[in-house]
Amino acid sequence: MSEERRIRVVVAKPGLDGHDRGAKVVARALRDAGMEVIYTGLRQTPEMIAETALQEDADVIGLSILSGAHKELFPLIMARLKEKGMDHVTVVAGGIIPEDDIPFLSQIGIRGVFGPGTPTGEIINFIRSTVAEKKKAGSP
């Protein structure tokens, strides 16, 4: 009997943002839900995040940002992922992101945006269903 591989999630804090309490709460909730979680720590560059996701064979990348630099940093991260042939990886974001910016983030490939106060169960369910959809469609 083969054991199914657990969902692998890289949780990253891009840029100079020094606050990671929310990212740690989400990382712990994902872990408690049975996912394998790799937390990168603070002050990660787009290249560092993409490389970690590649090395860890991530299914999902969760970006947490409170600094307001999401419109600058997230496109760079998405570009690095594409360069590494990882555009199949689901990318979600959380933190302080104005609603007006969500269409832009969707356009660059961010699949979900979760603001402060989002129940962790909602994030878990989103990740599980998104990964299941990709698996059903035959994505890597």
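For the structure itself, consult the block above.
What counts and how
Residue numbers restart at each chain and count upward from 1, following the sequence in its written direction. Given that this is a predicted model, residues contribute local features only at a pLDDT of at least 70 and side-chain atom pairs are listed and counted only at 80 or more, while totals for whole chains, interfaces and linings are drawn from all residues. Computation of side-chain values: all heavy atoms of the structure, hydrogens and water removed. Numbering of helices and strands runs from the N terminus, with a helix taken as a DSSP run of H or I at least four residues long and a strand as a DSSP run of E at least two residues long. Exposed residues in this analysis have more than 50% of their type's maximum accessible area, buried residues have under 20%, and partly exposed residues fall in between, with area computed by a 1.4 Å probe over protein chains only. Contacts are assigned to residue pairs that have any heavy atoms within 4.5 Å of one another. Charged residues are defined narrowly, with Lys and Arg counted positive, Asp and Glu counted negative, and His plus the chain ends left uncounted. A single reference atom marks each charge: NZ on Lys, CZ on Arg, CG on Asp, CD on Glu. Pairing between strands is defined by DSSP: at least two bridges between the two strands are required. The convention used is that axes are lines fitted to C-alpha atoms, helices contributing only their stretch in contact, and that angles between N-to-C directions extend from 0 to 180 degrees.

Student: Explain the overall build of the protein chain to me, please; I cannot follow it from the model alone.
Tutor: For the protein chain, the count of helices and strands is five helices and five strands. Helices (α) and strands (β) of the protein chain occur, in sequence order from the N terminus, as β-α-β-α-β-α-β-α-β-α. Per-residue burial over the protein chain gives 41% buried out of 140 residues. In the protein chain, 72% of the contacts between residues at least 6 apart in sequence involve partners at least 24 apart. Here the protein chain carries 18 positive and 19 negative side-chain charges, and the mean point of each set is 3 Å from the other.

Student: I keep staring at the sheet that holds strand E2 (residues 36–39) and nothing clicks. Help me out?
Tutor: Across the sheet, which stays open at both edges, the five strands sit in the order E2-E1-E3-E4-E5 with parallel pairing between neighbours. For this open sheet the edge positions go to E2 and strand E5 (110–114), each flanked by a neighbour on one side alone. Across this sheet, the average inter-strand angle for adjacent strands is 20°, counted without regard to direction. The sheet contact formed by strand E3 (residues 60–65) and strand E4 (residues 90–95) spans six bridges and is parallel. Residue pairing across strands places Ser-64 opposite Gly-94, the latter belonging to E4. On top of the sheet, helix H3 (residues 70–83) reaches E3, E4 and E5; it is set at about 160° to E3, its chief contact. The strands touched by helix H5 (residues 120–137) within the sheet are E3, E4 and E5, with E5 carrying the most contacts at an inclination of about 170°.

As far as function goes, none of this settles anything; it's purely spatial.
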